[in-house]
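Structure at a glance
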Amino acid sequence: MKISQVHLRNFRNYHDEVINFDDHLNIIIGDNAQGKTNILEGIVLCSNCRSFKDVDDVQMIKHGEAFGDCEVTFKDDKTLKVKVIISSKGKTLLANNNPISKTSDFIGLLNVIIFVPSHISFFDKSPSYRRKVVDMEISKVDKKYVYALNNYYKLLKERNAYLKNSDIDLNYLNVLEEKMIDYQLIIIEKRQELVDIINRRLKAMYAKLNGQDIDLRLYYQCCVDQDDIKENLKKMYKQNHKKDLLFNVTNAGIHREDLIFKIDDNLVSDVASQGQKRLAIIAFKLMLINYIKFKTNKLPVLLLDDILSELDENKQSLLLHTISQDIQTIITTTAINSSIYEQGFKVIKIKEGKVGGNK
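Residues numbered from 1 in each chain as written. Predicted model: local features only at pLDDT ≥ 70, side-chain atom pairs only at ≥ 80, totals over all residues. Heavy atoms only, no water.

What about the overall build of the protein chain?
The secondary structure content of the protein chain amounts to nine helices and 15 strands. Against the 2.2 N^0.38 benchmark of 21 Å for 359 residues, the protein chain shows a C-alpha radius of gyration of 22 Å, consistent with a compact globule. Taken along the three principal axes of its C-alpha coordinates, the protein chain extends 70 × 50 × 35 Å. The burial tally for the protein chain puts 52% of its 359 residues in the buried class. Sequence-distant contacts in the protein chain: of pairs separated by 6 or more residues, those separated by 24 or more amount to 70%. (Helix = DSSP H or I, 4+ residues; strand = E, 2+ residues; numbered from the N terminus. Rg over C-alpha atoms; globule rule 2.2 N^0.38 Å. Buried < 20%, exposed > 50% of the residue type's maximum accessible area, 1.4 Å probe, protein only. Contact = heavy atoms within 4.5 Å.)

Right under this line is the structure:
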């Protein structure tokens with residue numbers, strides 16, 4: 001996939017601006033608070049139907065305006081335009097100007113991988129945050145996963161509500177559990193698949209970025225032993241019945257799982273410096289490219305927000321040489337160091353929500 005153009009209207013600090021991109025490396029440059037990251041936010045909105053920031057949709061609308069929208073034109077097998085319009089009434093999704101009613105049919109038409117500095121908190125945040133990150137990545141490329149995940153959480157909500165009743169029919173509870181098990185079999189399989197693909201080259205990628213031979217691995221802490229998943233899920237519910245009835249909530253299942261990174265068998269959150277965490281999450285993001293390629297036979301667009309500011313010139317050079325020239329990459333930065341000049345790239349200057357000059 002290659003983005004050729006982004007059109008922002010009443011989006012963040014943009015009134016009506018068109019940004020054109022090269023197929024390979026693009027550098028968006030400007031001082032802080034000029035709108036560089038807002039361009040990436042618009043692109044992600046047109047990929048995932050949501051911001052990568054923890055904000056309500058209406059906060060992306062330019063102050064004083066009734067609506068905002070972002071349209072991204074990109075080349076895949078053919079040229080496609082995807083557009084998201086935001087208003088106080090909700091979102092409207094369009095593909096080639098045709099309305100898309102289901103979010104699941106829109107997500108993944110444009111596939112992007114994004115890194116923002118706040119992503120290094122992945123290691124220190126809650127398991128629910130890490131599950132959310134992984135669920136989004138799988139959902140972009142696997143409709144079966146989306147279906148299973150949505151239905152599992154509907155049943156989970158139903159089971160939790162039923163557990164609050166004073167008179168419990170265990171037969172009905174068993175019926176709910178059987179349905180939940182069927183969906184969990186799919187979810188566990190797909191989560192493990194992602195982890196396996198990531199781990200194929202994660203160590204080598206991290207070593208390349210870091211310049212050191214360090215063993216970085218992603219571990220999937222599944223809710224049950226995976227030697228006989230269906231039978232073990234049945235045992236899990238049976239073992240937790242009393243606890244579930246006591247606390248009126250489902251205490252075990254895929255909604256309580258975790259995904260963790262370790263360096264040389266130690267939790268990254270325990271032993272890694274901020275610099276190591278930054279490189280570890282970058283390595284993870286780059287390996288997600290392999291996962292998307294495996295699932296779709298297509299390359300996503302790589303978005304890197306303010307990635308260079310915390311890396312020394314040597315690591316900047318290692319990063320840029322590691323990124324495949326086949327992948328369209330869009331980087332935001334406040335300044336361009338000499339290491340970048342070795343690459344062929346397009347500069348997009350941004351000032352106060354306007355394109356200040358391209359070359």
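Quick word on the side chain of Asp-244
Tracing the backbone shows Asp-244 in helix H6 (residues 229-247). Overall, the relative accessible area of 1% leaves Asp-244 in the buried class.

Focus: the nonpolar core
Counting residues in hydrophobic clusters, the biggest one holds 74 residues, and the most contacted among them are Leu-194, Leu-216, Leu-218, Phe-261, Ile-282 and Leu-286. Looking at this core element by element, the count peaks at 15 residues for helix H5 (residues 170-210). Apart from the residues within four sequence positions on either side, Leu-218 is in contact with Leu-194, Val-195, Ile-198, Asn-199, Leu-202, Leu-259, Ile-260, Phe-261 and Phe-284. (Core = buried A, V, L, I, M, F, W, Y, C linked by side-chain atoms within 4.5 Å.)

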